[in-house]
Amino acid sequence: MFGYININRSELTDESKAAYQAYYCGLCRRLKTNCGAKGQMLLNYDMTFLVVLLTGLYELSNETSEFTCALHPTKKRTVWMNEATDYAADMNLILAYYNLIDDWKDEKAYTKRAFARMLDRDYARIMKKYPRQVRAIEEYMRKTEELEQNRETNLDAVAGLTGEMLGEVFCWKEDEWTDELRTLGFYMGKFIYIMDAYEDYDEDLRKKAYNPLIYQLQGNTQDRHIFCKLLLTSMMAECAKSFERLPILMHADILRNILYSGVWSKYEYLQLKKKKSEEKARKRLRK
């Protein structure tokens, strides 16, 4: 479900792109340190956003190092790591763990269940360290499964569960920024859920799989793109409001790039894919 919170590289300076990459590599290295190569397989850009957000908010100092990446061996990579990297790596792992469990339940993919079991020790370590966040993710999984089994038609109720969960994940510490971080995470979580439902709409409709958007639109697929664009825009507007209320100067350009532009990269890709599909259909009709 995750993987929508990324940068728009074309609108970032070279310096900011390098900084973002250094945080991304730092998260990758911390996942490897914590649980080996399998940890690196769980890496996602969503938690890189969290690293940059928390680093900017708390003005954390980075430990800098260089390493040779097996995937990019021709040039050494710069790595930036701090306390937010450690936190985001743990959240990345817990979210991936439950994603594997969810895939196992949905698809009966035994490889996913086996992979999840390999993370049991890491799960226990993180549960002990961050019980509030882990409990929030557990509750999210339980409630989401319950609503899906009941074929809940209220899109806002289902998307809100993702929002509540991500809100807790964004709250690293209980301090003066808790409420704003929770709000930012809440609306970003709803954005992610709606974007995921939008992307899967056609396949879910064909397979008769659960997707609250299908119930929401009641078969009127012509309005789907407008309806979803309005919803997604509303969610990101609320995210942006919360971000702008936070006193962040460090890496503010990267964070604004993600919130105002990068999050739309998947939506724009889907629109381009739709346009090409329609063009092919028109060509077939002309023949």
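Refer to the structure above for everything that follows.
Nothing here was measured: the structure is a model prediction, and the numbers come from that model.

Quick notes on the rules
Residues numbered from 1 in each chain as written. Predicted model: local features only at pLDDT ≥ 70, side-chain atom pairs only at ≥ 80, totals over all residues. Heavy atoms only, no water. Helix = DSSP H or I, 4+ residues; strand = E, 2+ residues; numbered from the N terminus. Rg over C-alpha atoms; globule rule 2.2 N^0.38 Å. Buried < 20%, exposed > 50% of the residue type's maximum accessible area, 1.4 Å probe, protein only. Contact = heavy atoms within 4.5 Å. Axes fitted to C-alpha atoms, helices over the stretch in contact; angles between N-to-C directions. Parallel < 35°, antiparallel > 145°, perpendicular 65-115°, else oblique. Left-handed = near helix turned anticlockwise from the far one by under 90°. Nonpolar A, V, L, I, M, F, W, Y, C, P; charged D, E, K, R; others polar. Disulfide = S-S within 2.5 Å. Core = buried A, V, L, I, M, F, W, Y, C linked by side-chain atoms within 4.5 Å. Phe/Tyr/Trp six-rings, centres within 6.5 Å; stacked < 30°, edge-to-face > 60°. Lys NZ or Arg CZ within 6 Å of the ring centre and 35° of its normal. Salt bridge = Lys/Arg side-chain N within 4 Å of Asp/Glu carboxyl O.

Asker: How should the overall build of the chain be read in this particular structure?
Answerer: Helices and strands together make up the secondary structure of the chain, namely 13 helices and two strands. What you see for the chain is a C-alpha radius of gyration of 20 Å, in line with the 19 Å of a compact globule of 287 residues. Here the chain holds 287 residues, and the buried ones make up 49% of them. Taking the intrachain contacts of the chain between residues at least 6 apart in sequence as the baseline, contacts between residues at least 24 apart amount to 70%.

Asker: What should I look at first to understand the packing of helix α3 (residues 45-58) against helix α9 (residues 178-207) in this one?
Answerer: To characterise two packed helices, one gives the angle between the axes of the helices and the distance between these axes. Packing of α3 against α9 brings their axes to within 13 Å, and their N-to-C directions diverge by 160°. Comparing their axes, α9 and α3 come out roughly antiparallel. Seen along the crossing, α3 lies across α9 with a hand that is right-handed. Facing Asp-46, Phe-49, Leu-53, Leu-54, Leu-57 and Tyr-58 of α3, the residues of α9 in contact are Leu-181, Leu-184, Met-188 and Ile-192. Considered class by class, the residues forming the contact of α3 with α9 number nine nonpolar, no polar and one charged.

Asker: Even after reading the chapter, I still don't get the state of the cysteines, so can you show me in this structure?
Answerer: Working definition of a disulfide: a covalent bond connecting the sulfur atoms of two cysteines. With the rule as written, the count across this model stands at zero disulfides. For the unlinked cysteine Cys-228, the closest cysteine sulfur is that of Cys-239, found at 16 Å.

Asker: Please clarify how the environment of Ser-65 should be interpreted in this entry.
Answerer: The residue Ser-65 is located in strand β1 (residues 63-67) in this model. We classify Ser-65 as partly exposed; its relative accessible area is 33%. Counting along the chain gives 170 residues from Ser-65 to Met-235, while the straight-line C-alpha distance between them is 37 Å. Dropping the residues within four chain positions of it, Ser-65 is found in contact with Arg-77, Thr-78 and Val-79.

Asker: Whenever I open this one, the nonpolar core confuses me. Can you help?
Answerer: Soluble globular proteins: nonpolar side chains tend toward being buried together. Counting residues in each nonpolar core, the largest one holds 90 residues, and the members touching the most others are Phe-49, Leu-53, Phe-170 and Met-188. Per element, the largest residue contribution to this core is 13 residues, and it comes from helix α4 (residues 83-107). When sequence neighbours within four positions are dropped, the list of residues in contact with Phe-49 reads Ile-5, Phe-170, Leu-184, Met-188, Leu-255, Ile-258 and Leu-259.

Asker: How do you make sense of the packing of aromatic side chains when you look at a structure like this?
Answerer: Note on aromatic pairs: each is described by the distance of the centres and the angle between the planes. Considering all chains together, one arrives at 15 aromatic pairs under this definition. Aromatic rings pair up to connect Tyr-58, Tyr-87, Tyr-130 and Trp-172 into one cluster. Just above the ring of Phe-67 sits the side chain of Arg-29; from NZ or CZ to the centre is 4.3 Å. The ring of Trp-264 has Lys-229 sitting right over it, with the charged end atom 5.5 Å from the ring centre.

Asker: Would you take a moment to explain the packing of helix α1 (residues 14-35) against α4 for this structure?
Answerer: The N-to-C vectors of α1 and α4 enclose an angle of 65°; their axes lie 9 Å apart at closest approach. The pairing of α1 with α4 is recorded here as roughly perpendicular in orientation. Pair α1 / α4 crosses with right-handed handedness. Together, Gly-26, Leu-27, Arg-30, Leu-31, Asn-34 and Cys-35 of α1 and Thr-85, Asp-86, Ala-88, Ala-89, Asp-90, Asn-92 and Leu-93 of α4 make up the contact between the two elements. Residues belonging to the contact of α1 with α4 are distributed by class as follows: six nonpolar, four polar and three charged.

Asker: Which parts of the structure should I look at to understand the pattern of salt bridges?
Answerer: Close approach of charged atoms lets side chains of opposite charge pair. In total, this model carries 18 salt bridges according to the counting rule given. We note a salt bridge from Asp-86 to Arg-30, for which the minimum N-O separation is 2.5 Å. Taken as a pair, Asp-86 in helix α4 and Arg-30 in helix α1 lie far apart in primary sequence, 56 residues in all. For Asp-86, a relative accessible area of 27% translates into the label partly exposed. Linking Lys-207 and Glu-203 is a salt bridge whose minimum nitrogen-to-oxygen distance equals 2.8 Å. Separated by four residues within a single helix, Lys-207 and Glu-203 lie in helix α9, roughly one turn from each other. A relative accessible area of 36% places Glu-203 in the partly exposed class. Where salt bridges share partners, they join Arg-132, Glu-168, Glu-174, Asp-179 and Arg-182 into one cluster.

Asker: Any chance you could explain unusual backbone geometry here in plain terms?
Answerer: Negative phi is the rule for most residues except glycine; trans is the rule for most peptide bonds. Although it is not a glycine, Arg-151 sits at a positive phi angle of roughly 55°. Structurally, Arg-151 is set in the loop between α7 (131-149) and α8 (155-170). Residue Arg-151 is classed as partly exposed on the basis of its relative accessible area, which comes to 37%. Unlike most non-glycine residues, Lys-208 shows phi in positive territory, near 60°. Considering the arrangement of structural elements, one finds Lys-208 in the loop between α9 and α10 (212-217).

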